[in-house]
Amino acid sequence: MKGKITAVLFILVFLLVVAVVFTFLTSLDRRREAEANQPVNNDVVVTENTPAPTEAPVTASAAPYEAPTQGSAVIATPAPAAPAVESTPEPAVMETPVPVPVENSAPGGVVGLGTLLGSGSFTSRTGAHIDIRTDWEARISGENEISVAVTVTLNSYSIHVNALPGSVMIALNGQYVSLDSPEIHYDSNTSLLSTPLASQSFTVQLPEGSSRDLDLQTEWHWGGTYGGMDIPVIECGGTFTVSR
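Residues numbered from 1 in each chain as written. Predicted model: local features only at pLDDT ≥ 70, side-chain atom pairs only at ≥ 80, totals over all residues. Heavy atoms only, no water.

Along the protein chain, the regular secondary structure elements total 1 helix and 14 strands. Expressed as a percentage of the 244 residues in the protein chain, the buried residues total 35%. Here the contacts in the protein chain between residues at least 6 apart in sequence split such that 67% fall between residues at least 24 apart. (Helix = DSSP H or I, 4+ residues; strand = E, 2+ residues; numbered from the N terminus. Buried < 20%, exposed > 50% of the residue type's maximum accessible area, 1.4 Å probe, protein only. Contact = heavy atoms within 4.5 Å.)

Below is the structure:
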């Protein structure tokens, strides 16, 4: 009699274990199916990949100074000593909202298509007389969206650098791209050179009558030496607001 009771208890315990395992596997499958069906956030979309402009770089005069010695780095030339007259760029954003009221509809039916909503810039501050500046410009591009154009420019004195594939990183609200920077050869210790590195456009959801904050971050992965300072990457960025 005691053996029969033990056998019955063993069968009950076995059935209970099988039921627990089946319940756990069923809940796990349902959780995986729910995660796979979650929507993808397409709030900010990369819309255009524009290579760096090929026009001649722009130079600006600066006060003369004693020329430095030539460095041994393959892709870099030592920076000059601080010029007598030079203002260090501030890293703060310079926003310039320029709304232009447009009452007539464009051929596509969107009121104010192409209207400039704002612009501004961010500048790095390496302290070695080599920096990047990031300019942004927002325009109406659709009924519920805008286009944000971003341009990254290098400001430096004498520099020799090879073309660097994928060295420029541009990110807007988490959406980012990697772009190539051009070959640069410049020999002047008295004039500041401004060289366009790369540009990119993004499409952002922004219905009429609304506004939003956008986070813009840029990096140039240079990996060179300037003025005796090792600079693996130069970066700048910040947050700006666009209203429509």
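That shown, we press on.
Under the criterion given, the structure shown has 2 salt bridges. For the salt bridge of Arg-133 with Asp-135, the shortest nitrogen-to-oxygen distance reads 3.1 Å. By relative accessible area, which is 26% here, Arg-133 ends up partly exposed. Here Asp-135 falls in the partly exposed class, since its relative accessible area comes to 23%. Close ionic contact of Arg-139 with Glu-137 constitutes a salt bridge, the shortest N to O distance being 3.0 Å. Accessibility expressed as a relative area gives 33% for Arg-139, which makes it partly exposed. (Salt bridge = Lys/Arg side-chain N within 4 Å of Asp/Glu carboxyl O.)

Moving on: the nonpolar core. Nonpolar side chains tend to gather and get buried jointly when the protein is soluble and globular. Of all hydrophobic cores here, the largest spans 42 residues; its most connected members are Ile-130, Val-148 and Trp-220. Leave out the neighbours within four places in its chain, and Trp-220 touches Ile-130, Ile-132, Leu-154, Val-161, Leu-164, Ser-167, Val-168, Ser-181, Leu-197, Pro-232, Val-233 and Ile-234. (Core = buried A, V, L, I, M, F, W, Y, C linked by side-chain atoms within 4.5 Å.)

Let us now look at the packing of aromatic side chains. Overall, the coordinates contain 3 aromatic pairs when judged by the stated rule. Relative to Phe-240, the ring of Trp-136 has its centre 3.9 Å away and its plane inclined at 10°; by these criteria the two rings are stacked. Residue Trp-136 is found in strand E4 (residues 131–140), and its partner Phe-240 is found in strand E14 (residues 234–243); the two are separated by 104 residues along the sequence. The residues Trp-136 and Phe-240 share a single accessibility class, namely buried. (Phe/Tyr/Trp six-rings, centres within 6.5 Å; stacked < 30°, edge-to-face > 60°.)

Moving on, we get to unusual backbone geometry. If you check the backbone angles, His-129 has positive phi at about 65° while not being a glycine. Position of His-129 relative to the elements: it lies in the loop between strand E3 (116–123) and E4. One non-glycine residue, Asn-173, adopts positive backbone phi at about 50°. The topology assignment puts Asn-173 in the loop between strand E7 (164–172) and strand E8 (175–181). Asn-173 sits in the partly exposed class, given a relative accessible area of 30%.

Moving on to the sheet that holds E7. Backbone-to-backbone hydrogen bonds join strands into a sheet, with any given pair of strands oriented parallel or antiparallel. Spatial ordering of the open sheet is given by E8-E7-E11-E14, a layout of 4 strands whose pairing is antiparallel. Either end of the sheet is taken by a strand with one partner, and the two such strands are E8 and E14. Within this sheet the neighbouring strands show an average axis-to-axis angle of 20°, counted without direction. As defined by bridge partners, E7 adjoins E8 across 6 bridges and the pair is classed as antiparallel. Bridging from a neighbouring strand, Leu-164 pairs with Ser-181 of E8. (Pairing = 2+ DSSP bridges. Axes fitted to C-alpha atoms, helices over the stretch in contact; angles between N-to-C directions.)

This paragraph deals with the environment of Gly-228. Structurally, the position occupied by Gly-228 is in the loop between strand E12 (224–226) and strand E13 (229–231). Separated by 100 residues in sequence, Gly-228 and Ala-128 have C-alpha atoms that sit 8.7 Å apart.

To continue, consider the pairing of strand E11 (residues 211–220). Residues Arg-212, Leu-214, Leu-216, Thr-218 and Trp-220 of E11 are buried on one face, while the alternating residues Ser-211, Asp-213, Asp-215, Gln-217 and Glu-219, pointing to the opposite face, are not. Pairing between E7 and E11: 5 bridges, direction antiparallel. Note that in E11 the partner of Ala-171 across the bridge is Gln-217.

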